[in-house]
Each structure stands twice: as structure tokens, then as C-alpha cells.
2 protein chains.
Amino acid sequence: MRLALVGFGTVGQGVAEAVALKREFLRDRFDRDVQIVAVFDSKTFAYDAKGLDPLELVQMKKAGKGVGKVRKKEMAQMLSELDYDVLVEMTPTNIEDAEPGYTNMCTALKAGKDVVTSNKGPLALKFRPLDNLARKNGVELRFEATVGGATPIINLSRELLMAEKVESMKGILNGTCNFILSRMGEEGLPFEYVLKEAQEMGYAETDPSYDIDGIDSASKLAILANAIMGLDVTYKDVNRTGIRRITREAVDLAAKEKKVIRLIGEVNGSGVEVSPRMVPVGHPLSISGTFNVLHMHTDLAGSITVVGRGAGRKETASAILSDLVGLLKRDACAVGKVK
Amino acid sequence: MRLALVGFGTVGQGVAEAVALKREFLRDRFDRDVQIVAVFDSKTFAYDAKGLDPLELVQMKKAGKGVGKVRKKEMAQMLSELDYDVLVEMTPTNIEDAEPGYTNMCTALKAGKDVVTSNKGPLALKFRPLDNLARKNGVELRFEATVGGATPIINLSRELLMAEKVESMKGILNGTCNFILSRMGEEGLPFEYVLKEAQEMGYAETDPSYDIDGIDSASKLAILANAIMGLDVTYKDVNRTGIRRITREAVDLAAKEKKVIRLIGEVNGSGVEVSPRMVPVGHPLSISGTFNVLHMHTDLAGSITVVGRGAGRKETASAILSDLVGLLKRDACAVGKVK
């Protein structure tokens, strides 16, 4: 399976490392070699039909050299001309117009390539067009890494729990907000102080709006609503309230009732909403720290909750790897080589 | 896919109801009919090669009539003679000698049938012999329902996270103990009082030893250790301490440090143990109520936790259904009918 990696920042490098680490295991299990044949960062690219050395690429990037030659053609042109099987799209999320990810994905899907991505923008803004394009071209679009980092939420509900009817979902979908709310509750600290702390620790951006105003959570919630509950929404359809106005006093009042405040995304029969909510201590959604949590209610299993690291180099690579394994299984099945 | 249901108590009836509910979905998805062709309770049985009516069987059983004729032959003889594809083994757990489940499963595996089970005894006592027998006969032994009720722990780690190396596991594997410890902590009640309450609510047996002495947790932990981490242990190898000696004072002391006491099963490099532990409030293992929780640590995904209902008619049926879906997928793959 020949991969084209587009975007070679933290996530891209994590994927290269994961491929190096798991290549032998996958060859043993699926009788097939997983190779990186193309890599693009924002300015440079490398291509070798015989496969590039994943760890050498990471070294080059760390040394500040880019990954190869300066790219002179448009990315879309290259993605339609090159020979590869799977586009792994990891350019930064753009929640305004979804570019360059959207064009990259469309180009690959139209060229009959499978797409695996960690890029939320295109899925949160243009889910149905992308999903339709994949179906039309008989290929797969997989996006486990867009929601909940390492947490295998999407594949769990679509594959293992495929016979269950998911009736509603509630989740903590942003680790930064959960860190801030947890620290406020546990240490009695004011919002501004903990936000500054999160920025210093690298959990929050200099412009924290994307996290604390719930835009990131709303994007992930829209993806889940579309992928798992069959809705057709964008992140703009999500009724959204962030955590800027959560005071220390509100957190203290909740604590007196043995509750915590958490930023919860919810999809149910009546709509799609992100807002701060009170959650009883001990409830699966009361978890502290930078975790992401998804709580599903289904017709048979009842309540199922999955908790995992919402971000991180290895964690996001793990989710991308699980999607690549999904493609390897599909292909093994098609040629009758299932172990 | 023709099922033989052995054991027709709460779980068996739940499975019959789940088959009735999901039959159309499965036919649509896999182009195949899932039928119950044989049903056995402790004394009676019914067989129809054309398929029995699942809801009629439940009605008969509810009316106290058994499910058909009185069985005169040995179960093992019937299971080796009858025509079916999958044994669904749901006789009560026997942690002394694993019977009659062990013989039922061996008989079916030897006859080339797949086995799906909710019966912990055979897996907690004779995991390797059963696993070897299944491999030798080229069939599958699936047991998602033996651990964590509806929680899709085993299939999650074996299928979706197959490329991850699971380095350690910690879990809350008994809902009764978790209910008791949660109530003690939240209401400041003594152990004996809450145990009595749990017995009155039907969460604990008249002889509560199996739950509160950690035997049930140890059985499930042994199954996980074998299935997910490749060990070869029985529940007797688990270093085990129950919750009988947890006092209200101990729970109060933990609360002063913002911790709760939970009965935790753990598998790691140094052994297999079930014992009461202190867990910080807000940690994924601090969850309250009758939930089961499994926390895995893997090389790439890091920390992943799954929480679900540990028991119940529909919940256990859900786990058995997910195993049946696994078999349907395998068969669809073998004949090239994957959608």
C-alpha cells in the first residue's frame, strides 16, 4: 500500500514514525508492504516509487531542510498525476473555507485513491460532498483522527457497533477546554489564570478562540453527527456557547452539588449543540484533564463511553494507522487473503 | 446463519429478542438470514431446520412452559448431531469446573461450528485449550459478552486497535462492587448497609461472595489477560483481594485526598491482580455506579478507556450480537460479498 503524505508537521512526522514502527507487523499480518512513496510539506516534496525512508524524512524535517525539492507545480496537479494508493491528508485545519485540504481530498478521490485524514475543516464544512465523491468513485474516505485523537470513536460505532442504533451522543471534544474547566474546579482558580497557564504549557493557542469559544468542539460534533447519526450539518449549524463566561463562582456552586462544569457537545433528536453543562461527579462525562470523551446511547448496548487522549503526535498517528488498517483489511478481504 | 442457542434464561431471551429486532438490518447489510434453528433450556429443547420464531420462544418461556419437548439425549450428543452454524453458549457460569459450558463448547468446536458465548467459566478456566481447539478446527470462538457486558472491549482491542501493542490494562470489572463502593463514598454509608441495599435491588446475590470477594473480577481479568495480552492464566492465578474489609472510614480518608476507592483489576508486566485501590476523582477509573470500565495503555494511542453497562438482558445480547456480526463479516469477506 503506497501512501502519499500531504502535510508533514507534527502529525505527518508522527505517521511516518508509526509506519516505520508497524511496517513489519503489518507485512506479517496482511502480507503487504506499507510504503510512503510521496511526502509534501508546505513548500517541498519528495517522491520515490520504490518507497522513501520514513525516519530519514523525519530527520530531514527536524534539521529544517524540508523533505526534498521545492514544489513548483500545483499540489492538485501533482496529486492527480502521481502514482499512489492512499492520500493521507494532514494539512492544518482551516475552518473558513476548508482549503487546501478540501481540494487535495477531492483531487485524490476523483483519481480513485482512498483518503485518510486528520484534517477537520473539510469534514466539518463539506461532509456530504466528500462522502458522495468517495462513494461515486468506489473509494473510501476515513477520518478517525479528526475527532477525539486516539479515541476510536468513529470506527467503533461504524464497525463494531454497526448493528446498534445510535440514539444520541454527548461528548467532551476539546482537551483544552476540559483542562481549563478541570483546573478551575480542582484548584479553585479563575478562568483567565488557567487559560494563561494552558497557553504557557502549550495546550492553548495565543488566540484561544478556536478552543474556548467551542468552534473546535462544534466542528468535531458536526463530523460525528454526520458520520454516526446520518445528519447533514456543518459546524455552523451547531448551536454554540463557549466557556469564556464560566466564573470561579459558577464552578464552586456546581461543586456544592457534587457536580462539575464541562463543555459538552450533544446530538439528539432535537438538534446539535455545544455548551457548558453541569455533570455529576462520577459520571462518565465528569472526567478531568486533557481527555476527550464520547458517550453514546444505543438501542441495545445502552450507554457506551470512550475516553482517550484528544491530541498528540503519537495519538493522532494511532488513529490514522487504525484507518490504514481498515483499508488493508478491506483489500485483504477483496483478494481472499484474510487471516 | 443458523444459530443454536444453549441456555435460555435472561441472556438467551435477550439474544432471541435482539435477533428478532435486527434480522432485517442484518439481511439487508449481509444479504443473509440470521435464524435460530435450535434452542435449549436446562430441561427442554426445540429444533426446526427452517427456523424458530424468536419472540414465540420468549413467550413460551415466560409462560413457564420451557421451549419445547423434554430433552432425553445428552446435550453433547445433540450438539454434535444437529445441523447449525453457530453455537451461542449461555448456560450459567460455573467457576469450579466450567461445566456444562466447557463440554458444550468443545463439542461444537470439534463439529466445526463457530462458538459465541457469554459464559465466563470456560474462558476463565480453560482459555488455551478452547482457543487451540478453535484454531485446530478452523472456526472462531468469540466471547465479547464474557467481559464488561455491552462494553466492546475485546473486539475493540483485537480488531480496531490490532496494530497497537497493549502494554497494560486496568479495569473495573464488577458492577456490583462499583455500586457498593460508589454508594459508600457518595452517601457515607457502611459496607453492610449498602450490600444489603444492593441485594434488595437485585444487584447482588444472596451469597455475594462471587462479586465482593473479587472472583467475578478475577475471572474477567484472566480472560482479558489471555485474549488481549497473550498470557496463559486462569482466574486462580489472579492475586485477589475483595472489598469486604473496606470501611466507611477508609472511604472518608480517601475522600479527604480527593480520591475514591474502587476495585481494580490490573494486568501488567509484573502480574495479574484484583484489589481495592485509591483513584483520583476525575480519573477515568473513578466512575460511579454499576458501570464496567476498561483502561488500556498502548504504545501509540496511549491511554484508552471504555465504559459501559456491565450486565443486563439487552446489554449482554448487544455483545453477543457484535460477535455474530463479526462472523457475518468474515463469511461475507470469504465469498466476496463485502459492502
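Bear in mind that the values here come from a model prediction, so they are computed numbers and not experimental data.

Let's shift gears to the overall build of chain A. Broken down by element type, chain A carries 13 helices and 13 strands. If one aligns the C-alpha atoms of chain A with their principal axes, the spans along those axes are about 65 × 45 × 35 Å. In chain A, which comprises 339 residues, the share counted as buried stands at 59%. Total accessible area computed for chain A in this model is approximately 13,600 Å², and 49% of it derives from carbon and sulfur atoms. Considering chain A, the positive charge centre built from 46 side chains and the negative charge centre built from 45 side chains are found 2 Å apart.

Residue and element names in this part refer to chain A. Maximum bend of helix α1 (residues 10-30): about 55°, positioned at Lys-22. For α1, the set of buried residues is Gly-12, Gln-13, Gly-14, Val-15, Ala-16, Ala-18, Val-19, Lys-22, Leu-26 and Phe-30. Structurally, α1 contributes buried residues whose contacts are with β1 (2-6), β2 (35-40), α2 (54-62) and α13 (313-334). Once α1 finishes, Asp-31 follows within two positions and takes phi at roughly 55°, a positive value.

A word on the state of the cysteines. A complete count under the given rule lists one disulfide over all chains for this structure. The disulfide bridge from A:Cys333 ends at B:Cys333, spanning 2.1 Å between sulfur atoms. Taken together, the residues span two chains, with A:Cys333 in helix α13 and B:Cys333 in helix α13 (residues 313-334). With respect to burial, A:Cys333 and B:Cys333 carry one shared label: buried.

Glancing now at the pattern of salt bridges. One pass over the structure, following the stated rule, counts 52 salt bridges over all chains. For B:Arg330, the salt bridge goes to B:Glu140, with nearest N and O atoms at 3.8 Å. Taken as a pair, B:Arg330 in helix α13 and B:Glu140 in the loop between α6 (127-136) and β7 (141-142) lie far apart in primary sequence, 190 residues in all. On the accessibility criterion, B:Arg330 (26% relative accessible area) is partly exposed. Residues joined in a network through salt bridges with shared partners are A:Arg32, A:Asp114, A:Glu140, A:Arg142, A:Glu159, A:Asp323, A:Arg330 and A:Asp331.

Residue and element names in this part refer to chain B. In this structure, strand β8 (residues 166-172) lies alongside strand β12 (residues 291-298), joined through six bridges in antiparallel fashion. Considered in β12, the bridge of Lys-170 is made with His-295. For β8 and strand β10 (residues 259-268), the ladder comprises three bridges, and the chain directions are antiparallel. Following the sheet pairing, Lys-170 is matched in β10 by Glu-266.

Across the contact, 47 residues belong to chain A and 47 residues belong to chain B. Approximately 3,900 Å² of surface area, both sides summed, lies buried where chain A meets chain B, with 66% of it carried by carbon and sulfur atoms. The largest per-residue losses of area from chain A upon contact with chain B belong to A:Leu160, A:Met162 and A:Leu300, which jointly make up 19% of the total buried on that side. Linking chain A with chain B are two salt bridges. One salt bridge connects A:Asp299 with B:Lys22, and the closest N-O pair in it is separated by 2.6 Å. Counting the contacts that link chain A with chain B gives 16 residue pairs in polar contact (both at pLDDT 80 or more). Going through the elements one at a time, α1, α7 (153-160), β13 (302-309) and α13 of chain A are the ones with two or more residues in the side of chain A that touches chain B.

Moving on, we get to the environment of B:Val15. All names here are of chain B. Residue position: Val-15 is located in helix α1 (residues 10-30). Taking the C-alpha atoms as reference points, Val-15 and Val-70, 55 residues apart in sequence, are found 22 Å from one another. With near-sequence residues (within four places) excluded, Val-15 lies in contact with Leu-5, Met-90, Ala-317 and Ile-320.

To continue, consider the relation of the copies chain A and chain B. Once chain A is rotated about the relating axis by 180° and shifted along it by 0.0 Å, it coincides with chain B to within an RMSD of 0.0 Å. Seen this way, the second copy is the image of the first under a two-fold rotation axis. Across chain A, the rotation axis passes nearest the C-alpha of A:Val306, at a separation of 2.3 Å. A shared interface surface links the copies, since 100% of the contact residues of chain A are contact residues in chain B too.

Across chain A, the average pLDDT comes to 94, with 99% of residues at 70 or higher. What the predictor reports for the complex is a pTM of 0.94 with an ipTM of 0.93.

Thresholds applied
Residues numbered from 1 in each chain as written. Chains lettered and ligands numbered in written order. Predicted model: local features only at pLDDT ≥ 70, side-chain atom pairs only at ≥ 80, totals over all residues. Heavy atoms only, no water. Helix = DSSP H or I, 4+ residues; strand = E, 2+ residues; numbered from the N terminus. Buried < 20%, exposed > 50% of the residue type's maximum accessible area, 1.4 Å probe, protein only. Areas by Shrake-Rupley, 256 points an atom, 1.4 Å probe, with all protein chains shown as cover. Lys, Arg positive; Asp, Glu negative; His and termini not counted. Charge placed at Lys NZ, Arg CZ, Asp CG, Glu CD. Bend = angle between axes of the 7 residues up to and from the residue. Contact = heavy atoms within 4.5 Å. Disulfide = S-S within 2.5 Å. Salt bridge = Lys/Arg side-chain N within 4 Å of Asp/Glu carboxyl O. Pairing = 2+ DSSP bridges. Buried area = accessible area lost by both parts, 1.4 Å probe. Polar contact = N/O pair within 3.5 Å; in protein donor to acceptor, adjacent residues only side chain to side chain. Least-squares fit on C-alpha atoms with pLDDT ≥ 70 in both. pLDDT = per-residue confidence, 0-100.

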